Amino acid sequence: MPTRARALDFRRRIAVVDPVARLWGRLPVRAKVVVGAAVLAVAIAWPPHLSRYSQAVLFFPVGVYILLALGLNIVVGSAGLLDLGYVAFFAVGAYTTAVLTTTHGWTAWEALPFAVIFAMVAGVVLGAPTLRLRGDYLAIVTLGFGEIVRIVAQNSGSLGEARGITGIAHPGSVAGAEFRLLPLPYYYLTLAAIGLAVVIIVRLGHSRVGRAWSAIREDEDAAEAMGVHTFTMKLWAFAMGSSIGGLAGWIFASKVGFINPDNFPFFFSVIILAAVVLGGMGSIPGVIAGAFAIGALPEYLRDAAAGEWLTARLNSLTGGEVRTITEYRVLLFGASLVAMMVFRPQGLLPSRRRAAELADAAPEHSLAAAPEAAVVAAATAPAAAAEPVVVEATGAAPDEVELPAAIADVAATAADVVLDLNDLTMRFGGVVALSEVSISVDRSQIFGIIGPNGAGKTTLFNCITGVFHPTSGDIVLNGRSIVGKKPHLITEAGIARTFQNIRLFPELTALENVLVGVDARHGTSVPGAVLGLPRHRREERDGRREAERLLAYVGIQGRAGDAARNLSYGDQRRLEIARAIATGPSILLLDEPAAGMNPTEKRALIRLIRQIRDSGLTVVLIEHDMGLVMNVCDRVAVLDFGQKIADGPPAEVQADERVIEAYLGVADAS
Amino acid sequence: MTAGAIYALIALGYTLVYGVLRLINFAHSEIFMIGIFASLFAIDGLGIDVTDSPKTGLTLALTLGAVMVVAMLTSGFLAVAIERIAYRPLRRRGAPRLAALITAIGVSLFLQELFAARYGREFLGFPRVLEKRKLFTFQGADVRSDKVLVIVAAVVLALALERFVARSRLGRGIRATAQDAETAALMGVNIDRVVMLTFFLGGVLAGAAGTLYGVFFESARYDIGFLPGIKAFTAAVLGGIGNIRGALLGGILLGLLEKWGATVLGGEWTDVFAFTVLVVVLMFRPTGLLGESLGRSRA
Amino acid sequence: MPRNGLRRIVLVLMAATLVLAACGSDSNDTGTTDTTAGGGKKTTVNLAFVGPLTGPNANLGINIRDGMQVAVEEANMKGGDITFAIKEFDTQGDPAQAPGQKDKYIPDESILAVVGPTFSGETRAVLPDLNEAKLVMISASATNVALPTDIPSDVFHRVIPDDGVQAAGIADYVTKKLKPKKIALVHDNTDYGKGLWEGVVKLLGDAGIDTSTQDAIDPKSQDYSVAVNKVKAAKVDMVFYGGYYNEAGRFKKQLADAGVKSTFISGDGSLDPGFVVSSGAPGGEGALLTCPCRLATPDIAGAPGDFAKKYAEIVKKEPGTYSSEGYDAANILIKGINEGNTTREKLLAYVEGLGSYEGISKTIEFEKNGNVKAGDVFVYEVKGGKITELGKTSELAAG
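Residues numbered from 1 in each chain as written. Chains lettered and ligands numbered in written order. Predicted model: local features only at pLDDT ≥ 70, side-chain atom pairs only at ≥ 80, totals over all residues. Heavy atoms only, no water.

Observations regarding the overall build of chain A
Secondary structure assignment for chain A yields 30 helices and 12 strands. A burial count over chain A gives 59% of its 670 residues as buried. By sequence separation, contacts in chain A at least 24 residues apart represent 75% of the contacts at least 6 residues apart. Looking at chain A as shown, the accessible area adds up to about 25500 Å², and 60% of this sits on carbon and sulfur atoms. (Helix = DSSP H or I, 4+ residues; strand = E, 2+ residues; numbered from the N terminus. Buried < 20%, exposed > 50% of the residue type's maximum accessible area, 1.4 Å probe, protein only. Contact = heavy atoms within 4.5 Å. Areas by Shrake-Rupley, 256 points an atom, 1.4 Å probe, with all protein chains shown as cover.)

In C-alpha cells:
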C-alpha cells in the first residue's frame, strides 16, 4: 500500500535529515546537563550588557512567552489536551495581583501565592465540566472560556472595566535587588520562574504523573483500563498549567503596573500555542526555543535595516503601499507558521519521540494492522532474530525468573469464585447484545469464552471492565459488586484486560508501558513528584524493578528500551499481557490473544497462559482458535446472539449439538 | 436571526471539513472574508457604484446572482488552493493534528494581513444593491427585504448541500471518507479528490455567505471574517460538528441566543452568554445537539 | 534528495535568523551631530510621536503626526542651529503595546519630549515611567478625565480639554438648543467611549431629560441590531453614541436602515471622514459630531486657515481631527528648545512654567495638573457627505 511504503520511506529520511533531534537524543544525560548549564550561564551573564530596550524585550515578550509556553506545554504537549484559551489563566493571575495590591493594599509578594492559587482554581473550574469532552470540543470550549474571562473583566466595575487597573504594586526589594521601572530585575525574576517551571516539569515527567499523561495522550481508553485516573490526571494537567500561567500573570502585572482587558486577547492564546507547536511539543528545549523565536523575531523585525529592503519586496508582491516593516510583521508571522509546519511539523527541537512519531505515523494512530507490524518486523531484522530466543526463554524455567510482586501478591486475596456474572443484559437502543448471561469463574481457572462473530464476546468484556454500563444484571468480583463502576476503579478492584486489536502506548517503551500498569498500584501524585518525596522515589525504584521482572516473566526483557510500536507482533501481545498483570489483578481477561499468531507463537502463548494460571491468577479468554481453547481451558462458555448456549468442560461443549449448530448451521436433511 | 443564517452558512464549511478531516479550518473565516471582497469587486466590476440607486426585480436578481456566483467560485477555488498548499503536505506526512491547526492559523493571519496591506485597514463600503424595504411587521420586529433574502438564501443553500451529500455519488464519497478513510480508499474512492471537493463546497458556501453579508452589512475589511468565523465554529459545535443539519440549527440557534442574551443582559454580555450556553449544552450532550453524523445517512 | 537539501537550507536560515535576532539591534541612536557646509555645528533634536499609525482608528494618530510634521518642517525651514526631527512609535493605540514602545523612546537621549500618547488607555500605561524619566509629554488627544488624578505626575500635559468639558459642552448644546424629551445613549465599552458616555448621561439626566434608554455595543461585532431595536422601540428624540468613527458610522447606518429618524450626536472619536464612509453617505446625513478641538480648513480666517493651506501643501491632505492640536503641541516644544532648553529637565520646566501660549487651536494655558484651561467645544454636522462646522457649543446654545 502506497501510504505504508511512503511512511517507512519518511522514517528513513527523517532519521537522516533531522540531525538536531538525533544528536540531542543520543547525548548522554550528562552532556545535556552541560548544554543546559551553558545556556543558563549565558542567560544570566549576558543581558546586563544589552540596551534597555533589549532587556525589556527579553522580559516581555520573550521571557513571559517562554514561561507561558512551558505551562501550556503541560496541558497540550504532555497531556494532549487542546487548550485554545490559555490566556485566561495569565489574565486571572494578573488581575488577582492587580486587585489585591490596589483595592486591598497588599504588597506584590503577598499577592503572589494568591495569584498562583486563583489561577489554579480557575484551571480546575474550567477543567471539571469540560475535560470529559474530547479533542476539538475542548478546543472551542477553552477558547470560549478565554474570551469569557476577558469580557468579564471588561464589564466588571470592580475590575476596572475597559479602563483597567492602574497603580499595581511592584515587588518589594529582595536581596538588594530593586524592582521599579527598569526591566532587568524583572528579567531575572522571570528567569527564576522559568527555572522553577523546568524543574517541576522534569520531575513530573519522570514520575507516575508524567507517565499517566503520556498514556492519556497516546490512548485514553487504554490508559483508563490500566487503572489510570484519567479525569483526575487531566485535571492536574490543567491545574499545573494554569498555575504557571498565573505566576506569569503576577510577574507581568507587577512590572507594568497597569493592565486592562486588551492585554488578554484570544490572539495571545494563539501565539503561545504557536510557540509550543513551533518549538516542538513536549520537548522543553524546543518549547523554550519556539517561545524565544516567536517573542524575539517580530521585535527584531521592527527595527532591522533589512526591514526596508523586505518591505519594498513585499510591497511589490502584495501591491500594497506599506511604509514600515512593522506592518508586515503579522503577515510574516503567519507565513512562517505555515512554512514551519509544512517543512518541519515536528517543531524546531522536537523530543525524539515526536520526531519518530511523525516519521512513521500512519493517519490512524494505532498499532492495529498486524500485517503492517509484520512488515516492520521483517524490515528490522534484529526483531525477527529475537523471536526464537524469546520462545526459548519462556519455555525455560519460570522459577529462575524472579516473580513479579503483582503475581506473588495475588494468591492471598482471591476468593473461591473470583468472578460471577448474574443475568447480565446489555442493550444498545433496540439491539440486545447480551441477554441474561450468567457465568461463574473459579479461582485459578482458565475459562474460555467462544462463539461465532458478533455473539457479544467483546461486549461482555467491555461490560465487565466498565466500558459499558450493563442494562441490567450484576457483576461480582471477589464477593463485591462492581457493576456500574468506572473502568479505572474496576481495574483497581482487581480486573485487568488486553484488547482484541492491541492497544499499547505506541511511543512509550516496553518498560514504560508496563510501568503505567504498575503505577496503578502506587499512589504518588503531583505534590509527591514535584517535591521529590521519599514515597515517590521509593515507588519509582520499586516500580522499575517490578516492571523489569514482569518483562522477564513474559519473556521480553531484552526489548525493555524499545518503543512499543517497534516490537514484533508476538512481543506486542506479550507486552500487553505484562502490562495488564502489572496492575495486580486477581483475574486477567484476554481478548483474542492468539489472533494473527503462527503455530510456534501459539504454543508459546499457551505456555505463558498456563504459567500465569499456575502462579495463582485466574484467566478468562476469548478465542476463535478451537484447538487452543480445547488445549488450555478448564471450562468453556459459548455465546450466540448474546445468549449463553453452553457452559462446561471443553470436551462436553465441543460435542454439544446447539454449539455445533451455532457454528456450522443445521445439517441439510438429505 | 439574520446573523444566525450567515453563521449557519459559514458553519457548514467548518462542519464539512471537520467531518472529513477532523481539522478545525481556522482559515475558513478568511475564505469568508475574501468572499465578501469578491462580492464587492464583482459589484464594482458590474459598474455599480455608491451613487447608483438600488436595483429591483429582474435586474436585482441577476445582479445578486452574478455577484454571488463570482464570490462562491472565488472562495471555493481559494479554499481548494489553501488545501493543496498548506494542508495536503501535512496530511501526506501524517502530521499531528495540532500542526495542521497551527498551519490553519498561519494561513488565516497571512491572508488577513495580505488584504490589509493591499486594501488598507479602513472599512470599504458597499454600494446599496438591494433596497432595504420594510415588508411587514411580525411580533414587533421588522421584516425587511434584505433580512428575508439572507435567511431564505441560507436555508436553500444549506438544504441543497445536504441533498447533495446525501444523494449524489460524490456526496457518498464524502460520507464514506468521513466515516473511514482507509476503507473508502480501498473501495476506490479517491481521497484526495474527496478532500478537494469538501473544501470546495465549504468555500462555495462561505462565498455565498460573503455576498449575503455584504448585502446586509454593506462593509468589508481585512479582519471582518474573524468574529463571524469564531461564532460560526461555535455554532457548528453547538449543533454537532460534522452534522450538516446541526450546522444549520446551530447557526440559527446561536443567532437567536445572542439576540436574546443581548436584550436581556445587555450588549456587552452577548459573547459570555453564547459561550456559556455552549458549555452547558456540551455538558449534557457532549457531541452537540444533533450529534456527529456526517457519516451516517439520514433515515 | 532535493527535499532534504531544501529542508536543510530552511533550517539553516531559520537558525541564522534566530541568531541574528538575538545579537542584533542593540545600537541606540544618540543625537547625531553633523557639520554644515557653512562651518557651524548643527544638532538634531528628536520629538517622539506616540500613538496609532496603523491598526483601527489609525487616522486619529496619523492626523496628529502630520500636524507635528508641519510644525517641524516650518521650524527647519527657518534655519538655526537645531534641526528638528520626529521619531515615530506606533502603538496602534493599544495599551498592551504601549509599554513595549516606551522602552524604546525613554532611553533614547536624543528625544527631548513626547507629543502624545494619543489615546487615554495607552497614556495610562506609560505615564508612571514617563514621570520617572522626567520626559515631558503633551498629548493632543488623550481626553479621559481621570488621567491626571489617577496618576499624579509632573510630566502630563494636554492641549485639549478633557471629556468632562466635552460632555458639558454636549449637554449644554443638547439641552439649550436641541431640547429633546427623551434620548437614547449607547457606548462601545472602551475607556474613552464609556467615559464620555458616563459624563453625558449624568449631565443630561440632571437636566431632566429621559436618559433611561441605554445600551452598549461590541465594537468588534458588525451587528448592532439589538441596540438598534432597543432605540427604535423606545421612540426617542435623539441618540447619543460614545465611541469611535467606524462603529459610530455603522451604528448610524443601521439606525437609518431601521427607520429611526432621530437626531444622532457623537463625540470627537467620531469626527473623521471615516464616519461618513461607514455610515454609507446617505445614512450619515444630518449627524452631529462634537469635538473640544477645531478642524482647520482653508476658509477659516487667520492662523488656522494658513495652517490648513500649509498642511495641504506638505501632507497633501486636508487637516484632520487634532491636526491643529498636534501642531500646537509640537510648536510649544520647538519654541522651548529654541530658547535654550535642550535637556529633558529644562524642557519640562519650560513647559510647566509656560504661562500663556497662542496656538492655532486655542490659547493654551496649563493648569497645575497638566490640563489645559477649558477651551471651546465645537459642533460639526454631516452635510452632503462632508463634515461642516456649525460653531461653538457655547455660542450655539445661547443663540
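Notes on the overall build of chain B
Helices and strands together make up the secondary structure of chain B, namely 11 helices and 4 strands. What you see for chain B is a C-alpha radius of gyration of 19 Å, in line with the 19 Å of a compact globule of 299 residues. Each principal axis of the C-alpha distribution contributes one length, and for chain B these read about 55 × 40 × 35 Å. Within the span of chain B, comprising 299 residues, buried residues form 62% of the whole. Considering only contacts within chain B whose residues lie at least 6 apart along the sequence, 78% involve residues at least 24 apart. By element, 64% of the accessible surface of chain B is carried by carbon and sulfur atoms, the whole surface being about 11500 Å². Put simply, chain B has 29 plus and 20 minus side-chain charges, and the middle of one group is 9 Å from the middle of the other. (Rg over C-alpha atoms; globule rule 2.2 N^0.38 Å. Lys, Arg positive; Asp, Glu negative; His and termini not counted. Charge placed at Lys NZ, Arg CZ, Asp CG, Glu CD.)

Focus on unusual backbone geometry
Across residues other than glycine, the phi torsion is negative in most instances, and most of the peptide bonds are trans. The amide bond that connects Phe60 of chain A to the next residue, Pro61 of chain A, takes the cis arrangement and shows omega of 15°. Note on placement: Pro61 of chain A falls in helix 4 (residues 52–78). The omega angle of the peptide bond from Gly116 of chain C to Pro117 of chain C is -10°, so this bond is cis rather than trans. Phi at Asn189 of chain C is positive, roughly 65°, even though this residue is not glycine. The class of Asn189 of chain C is buried, set by a relative accessible area of 6%. With a phi close to 75°, Tyr322 of chain C is a non-glycine residue in the positive phi region. Relative to the helices and strands, Tyr322 of chain C resides in the loop between helix 11 (303–315) and helix 12 (323–338). Tyr322 of chain C sits in the buried class, given a relative accessible area of 3%.

What to know about the pairing of strand 5 (residues 446–450) of chain A
Residue and element names in this part refer to chain A. For strand 5, the buried fraction is high: 5 of the 5 residues fall into the buried class. Residues Ile446, Gly448 and Ile450 line one face of strand 5 and the alternating positions Phe447 and Ile449 line the opposite face, and both faces are buried. Across 4 bridges, the pairing between strand 5 and strand 10 (residues 618–622) is parallel. Of the residues in strand 10, the one forming a bridge with Phe447 is Val620. (Pairing = 2+ DSSP bridges.)

Side note on the sheet that holds strand 8 (residues 210–216) of chain C
Adjacent strands of a sheet form backbone hydrogen bonds with each other and so pair up, either parallel or antiparallel. Residues and elements named next belong to chain C. Ordered in space as 8-7-9-10-11-14-15, the 7 strands form an open sheet in which the pairing is mixed. In the strand order of this sheet, the two ends are held by strand 8 and strand 15 (386–392), each with one partner. With direction set aside, neighbouring strand axes in the sheet form an average angle of 25°. Direction of pairing for strand 7 (residues 182–187) relative to strand 8: parallel, over a ladder of 5 bridges. The partner of Lys182 across the bridge, within strand 8, is Asp210. Along the sheet face, helix 6 (residues 163–178) touches strand 9 (238–242), strand 10 (263–266), strand 11 (288–291), strand 14 (378–383) and strand 15 and points at about 140° away from the line of strand 11. (Axes fitted to C-alpha atoms, helices over the stretch in contact; angles between N-to-C directions.)

Here's the deal with the nonpolar core
Of all hydrophobic cores here, the largest spans 227 residues; its most connected members are Leu67, Phe90, Leu204, Trp213, Ile259 and Leu273 of chain A. Inspection of this core shows a minimum of three residues originating in each of domain 1 (10–359) and domain 2 (387–664) of chain A. Apart from the residues within four sequence positions on either side, Leu67 of chain A is in contact with Ala193, Ile194, Ala197, Ile244, Leu247, Ala248 and Ile251 of chain A. In this structure, Phe89, Tyr173, Tyr245 and Phe251 of chain C belong to the second largest nonpolar core, which totals 118 residues. (Core = buried A, V, L, I, M, F, W, Y, C linked by side-chain atoms within 4.5 Å. Domains from an automatic or database assignment.)

Brief notes about the packing of aromatic side chains
Under the definition given, this model contains 40 aromatic pairs over all chains. Between Phe179 of chain A and Tyr186 of chain A, the aromatic rings sit 5.4 Å apart at their centres with planes inclined by 65°, giving edge-to-face as the arrangement. Phe179 of chain A gets classed as buried once you look at its relative accessible area, which sits at 7%. Put simply, the rings of Phe60, Tyr65, Phe90, Tyr95, Phe252, Phe264 and Phe268 of chain A touch in pairs and so form one group of aromatic residues. Across from the ring centre of Phe499 of chain A, 5.3 Å away, lies the NZ or CZ of Arg503 of chain A, which sits over that ring. One cation-aromatic arrangement involves Arg250 of chain C over Phe123 of chain B; the distance from NZ or CZ to the ring centre is 4.4 Å. (Phe/Tyr/Trp six-rings, centres within 6.5 Å; stacked < 30°, edge-to-face > 60°. Lys NZ or Arg CZ within 6 Å of the ring centre and 35° of its normal.)

Re the domain arrangement of chain A
All names here are of chain A. Each domain of chain A was delimited in the assignment, giving domain 1 (10–359) and domain 2 (387–664). Computed from C-alpha coordinates alone, the two centres of domain 1 and domain 2 are separated by 42 Å. Taken together, the contact between domain 1 and domain 2 spans 26 residues of the former and 35 residues of the latter. Taking both partners together, domain 1 and domain 2 bury about 2800 Å²; carbon and sulfur atoms supply 58% of that area. There are 4 salt bridges connecting domain 1 and domain 2. The closest approach of N and O atoms between Asp519 and Arg211, which form a salt bridge, is 2.7 Å. Across the domain 1-domain 2 interface, the total number found is 12 residue pairs in polar contact (both at pLDDT 80 or more). Elements supplying a minimum of two residues to the side of domain 1 that touches domain 2: helix 8 (183–205), helix 9 (208–218), helix 10 (220–225), helix 11 (230–256) and helix 16 (352–359). (Buried area = accessible area lost by both parts, 1.4 Å probe. Salt bridge = Lys/Arg side-chain N within 4 Å of Asp/Glu carboxyl O. Polar contact = N/O pair within 3.5 Å; in protein donor to acceptor, adjacent residues only side chain to side chain.)

A few points about the interface of chain A and chain B
When the parts come together, some accessible area is lost, and that loss is often what is quoted as the size of the interface. Counting from both sides, the interface comprises 50 residues of chain A and, opposite them, 49 residues of chain B. Both sides of the chain A and chain B interface together cover about 4200 Å² of buried area, and 78% of this is carbon and sulfur. The largest contributions to the chain A side of the interface with chain B come from Asp136, Tyr137 and Ile140 of chain A, which together make up 17% of the buried area. Joining chain A to chain B, the criterion identifies 0 salt bridges. Taken together, the links from chain A to chain B amount to 1 residue pair in polar contact (both at pLDDT 80 or more). Here the side of chain A that touches chain B takes 14 residues from helix 7 (residues 135–155) of chain A, the largest share from any one element. Along the lines of polarity and charge, the residues of the side of chain A that touches chain B split into 37 nonpolar, 8 polar and 5 charged. (Nonpolar A, V, L, I, M, F, W, Y, C, P; charged D, E, K, R; others polar.)

Structural notes on the sheet that holds strand 6 (residues 472–477) of chain A
All names here are of chain A. Spatial strand order, 4-3-6-7: 4 strands in an open sheet with antiparallel pairing. With one partner strand each, in any of the chains shown, strand 4 (431–442) and strand 7 (480–481) form the two edges of the open sheet. Note that strand 3 (residues 417–428) and strand 6 share 5 bridges and pair antiparallel. Bridge pairing in strand 6 places Asn422 opposite Asp474. Lying on the sheet, helix 21 (residues 457–464) is in contact with strand 3, strand 4 and strand 6; it crosses strand 3 at an angle near 110°.

What to know about the confidence of the model for chain B
Looking at chain B as a whole, its pLDDT mean stands at 86, while 97% of the residues score no less than 70. Taken over the whole predicted complex, pTM reads 0.83, whereas the ipTM for its chain interfaces reads 0.86. (pLDDT = per-residue confidence, 0-100.)

Observations regarding the pattern of salt bridges
Per the counting criterion, the structure on display carries 58 salt bridges over all chains. For Asp647 of chain A, the salt bridge is made with Arg635 of chain A, and the minimal N-O distance between the two is 3.1 Å. Taken together, the residues Asp647 of chain A in strand 12 (residues 643–648) and Arg635 of chain A in strand 11 (residues 635–640) connect sequence positions 12 residues apart. For Asp647 of chain A, a relative accessible area of 25% gives the class partly exposed. The partly exposed category is assigned to Arg635 of chain A, whose relative accessible area is 28%. The shortest N-O distance in the salt bridge between Glu389 of chain C and Arg294 of chain C comes to 3.3 Å. Of the two residues, Glu389 of chain C sits in strand 15 while Arg294 of chain C sits in the loop between strand 11 and helix 11, which places them 95 residues apart along the sequence. On the basis of relative accessible area, Glu389 of chain C is assigned to the partly exposed category, the value being 31%. Within the structure, one salt-bridge network assembled from shared partners comprises Glu83, Arg88, Arg91, Arg92 and Asp192 of chain B.

Regarding the side chain of Glu161 of chain A
Its location among the elements puts Glu161 of chain A in the loop between helix 7 and strand 1 (165–166). Residue Glu161 of chain A is classed as buried on the basis of its relative accessible area, which comes to 14%. Aside from chain neighbours lying at most four places away, what touches Glu161 of chain A is Ala153, Gln154, Asn155, Ser156 and Pro261 of chain A together with Lys194 of chain C.

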